[in-house]
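Survey of secondary and tertiary structure
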Amino acid sequence: MVTDSITGERFCGKCGYVISDTIQDSGPEWRSFPKEGGSADPTRTGGPTSLAMHDRGLATIIDPINRDSSGRPLTSAMKNTVERLRTWDSRSKVNAPTDRNLRQALGELSRLKDKLSLSSSVIEKAAYIYRKALEKGLVKGRSISPLLAASLYTACRDAETPRTLKDIADAGNLKKKDIAKCYRILHRELGLKMPVVDPIQCVARIASSLGITEKTKRYAVKVLKVAQDHEESAGKDPMGLAAAALYLSCVKNSDDRTQRDIAEAANVTEVTVRNRCKSLRLDQKIDCGSRDKKSNISIT
């Protein structure tokens, strides 16, 4: 017997007699790419699981439409039975306190994703960190919202996504101090190792909010790369450093942007921009004249 997977036919290899012409495909609905290689095959039933859902996408839902498999309406007695089954099905999903906690927390995480325009990979990482905190009992005695926001900030740091504590605090209507406190708890209890935020990644975010040209952004990136080579960026706020480099680049390319405009776009103070500009000029010997003369700046 020969099976043709393309046409869906099974036929005799000698005489060509077709036994069946409607073979059901038994392959996977979607492919997986494991890190170790090999042919790991996910199951056919349902889509991929997700940590961002409280039941990981494994639960089932009883259809609210009161019709049977052939489309006929249910009888009144069967309708009451199905309604009772729906009630118990919904109750069984959030029976444990941890399930109720996850349902509330991950629902809020979905709202923060839309407000901050984050990718699905960052949300998955944030849900994973929050689940770890829940397993260790870090949620007991603490509010859900600050701990979830701290988990999201940790995921952004790990994925090198430029989101500050103030951005997450504003999106979640929380205090920055509370999120920072929960972040320190997660960092200590879970043994997390966070990468240092690259100020070059913050340049695009500030420039896009102000409509700065690509030429100005490239020069600011050049200034930051030289500062990193000289270890001038160590221990400094990456957002403030990126704002200072952008301001120096605006002066170089005669882009009329004030320190206040750049400071507001970067969520830092004007004093921070001035101090970082001063350190960059001294380190790289940048000659920055007055804005009225619009003098050129050269990096030696």
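Figured I'd write up the structure that's included with this text. (Residues numbered from 1 in each chain as written. Predicted model: local features only at pLDDT ≥ 70, side-chain atom pairs only at ≥ 80, totals over all residues. Heavy atoms only, no water.)

What about the overall build of the protein?
Applied cut-off: What counts as a helix is a DSSP run of H or I of at least four residues, what counts as a strand is a run of E of at least two, and both are numbered from the N terminus. Burial here depends on accessible area, computed with a 1.4 Å probe over protein chains only, as a share of the maximum for the residue type. Under 20% is buried, over 50% is exposed, and the range in between is partly exposed. All accessible-area figures derive from a Shrake-Rupley calculation using a 1.4 Å probe, and residue coverage is judged against the displayed protein chains alone.
From N to C terminus, the protein includes 11 helices and 3 strands. Taken from the N to the C terminus, the helices and strands of the protein come in the order β-β-β-α-α-α-α-α-α-α-α-α-α-α. Counting across all 300 residues of the protein, residues that qualify as buried make up 35%. For the protein, the accessible area works out to roughly 18600 Å², and carbon and sulfur atoms hold 49% of it.

Points about the layout of surface pockets
Quick reminder of the rule: A cavity, in this analysis, means grid points on a 1 Å lattice covering only the protein atoms where a 1.4 Å probe fits yet has no way out; a pocket is instead an open set bounded by protein on both sides within 12 Å along at least five of seven lines, and a residue lines either one if it has an atom within 4 Å of a point. Grid points are joined across faces, edges and corners, and a volume is the space filled by probe spheres set on the points.
In this structure, the largest pocket encloses a volume near 410 Å³. Lining the largest pocket are 23 residues, and of these Tyr 153, Arg 163, Thr 164, Leu 165 and Asp 237 lie nearest its centre. Elements that contribute at least two residues to the lining of the largest pocket include exactly helix H4 (144-158), helix H5 (165-172), helix H7 (199-210) and helix H9 (238-252). If you tally residues by element for the lining of the largest pocket, the top one is H4, at 3 residues.

Concerning H9
In plain terms, the rule: Each residue after the first adds 1.5 Å to the expected span of a helix.
For H9, which comprises 15 residues, the first-to-last C-alpha distance of 21 Å matches the rise-based estimate of 21 Å (1.5 Å per residue) to within 8%. Counting buried positions along H9 gives 13 out of 15 residues, so the element sits mostly inside the fold. Remark: Ser 254 follows H9 within two positions and exhibits a positive phi of approximately 55 degrees.

A few points about the side chain of Arg 157
The condition that has to hold: Here Asp and Glu are counted as negative and Lys and Arg as positive; His is not counted, and neither are the chain ends. A pairing counts as a salt bridge when a side-chain nitrogen of Lys or Arg comes within 4 Å of a carboxyl oxygen of Asp or Glu.
Examined against the element boundaries, Arg 157 turns out to sit in helix H4. We note that Arg 157 is buried and unpaired, the nearest opposite charge coming from Asp 158 at a distance of 8.8 Å.

Description of the sheet that holds strand S2 (residues 9-11)
As a reminder of what qualifies: DSSP calls a pair of strands paired once it identifies at least 2 bridges connecting them. Helix axes are fitted only over the stretch in contact, all axes being lines through C-alpha atoms; the angle between N-to-C directions runs from 0 to 180 degrees.
Overall, antiparallel pairing links the 3 strands, which are arranged S1-S2-S3 in an open sheet. In this open sheet, the two edge strands, each paired with only one partner strand, are strand S1 (2-4) and strand S3 (18-20). Recorded for the sheet is a direction-independent mean angle of 35 degrees between the axes of neighbouring strands.

Concerning the packing of aromatic side chains
What counts is decided by this rule: Pairing of aromatic rings covers Phe, Tyr and Trp, the last counted by its six-membered ring, and requires centre-to-centre distances within 6.5 Å; plane angles under 30 degrees mean stacked, over 60 mean edge-to-face, and any other angle means tilted.
Applying the stated criterion to the full structure yields 1 aromatic pair. Ring geometry for Tyr 153 versus Tyr 183: centroids 5.2 Å apart, planes at 75 degrees, classification edge-to-face. Here Tyr 183 lies in helix H6 (residues 176-189) and Tyr 153 lies in helix H4, a separation of 30 residues in the sequence. Comparing Tyr 153 with Tyr 183 shows no difference in burial state: the two are buried.

Examining helix H3 (residues 120-135)
The line we're drawing: Pairs of residues are marked as contacts when any of their non-hydrogen atoms sit within 4.5 Å.
For H3, built from 16 residues, the straight-helix expectation of 22 Å at 1.5 Å per residue is met to within 8% by its first-to-last C-alpha distance of 23 Å. Those residues of H3 that sit buried are Val 122, Ile 123, Ala 126, Ala 127, Ile 129, Tyr 130, Arg 131, Ala 133 and Leu 134. Summarising the contacts, the buried residues of H3 are in contact with helix H2 (97-116), H4 and H6.

Some points on the environment of Arg 281
Tracing the backbone shows Arg 281 in helix H11 (residues 270-284). A residue is classified by how much of its surface remains accessible, and Arg 281, at 28% relative accessible area, is partly exposed. A C-alpha to C-alpha distance of 9.8 Å links Arg 281 and Ala 245, two positions 36 residues apart in sequence.

Side note on the pattern of salt bridges
For the coordinates displayed, the defined rule picks out 9 salt bridges. The closest approach of N and O atoms between Arg 260 and Glu 270, which form a salt bridge, is 3.2 Å. Taken as a pair, Arg 260 in helix H10 (residues 259-266) and Glu 270 in helix H11 lie far apart in primary sequence, 10 residues in all. Here Arg 274 and Glu 270 are joined by a salt bridge, their closest N and O atoms 3.9 Å apart. With a gap of 4 residues between them, Arg 274 and Glu 270 both fall in helix H11, about one helical turn apart. Under the relative-accessibility criterion, Arg 274 is labelled partly exposed at 40%. Through salt bridges that share partners, Arg 260, Glu 270 and Arg 274 make up one connected network.

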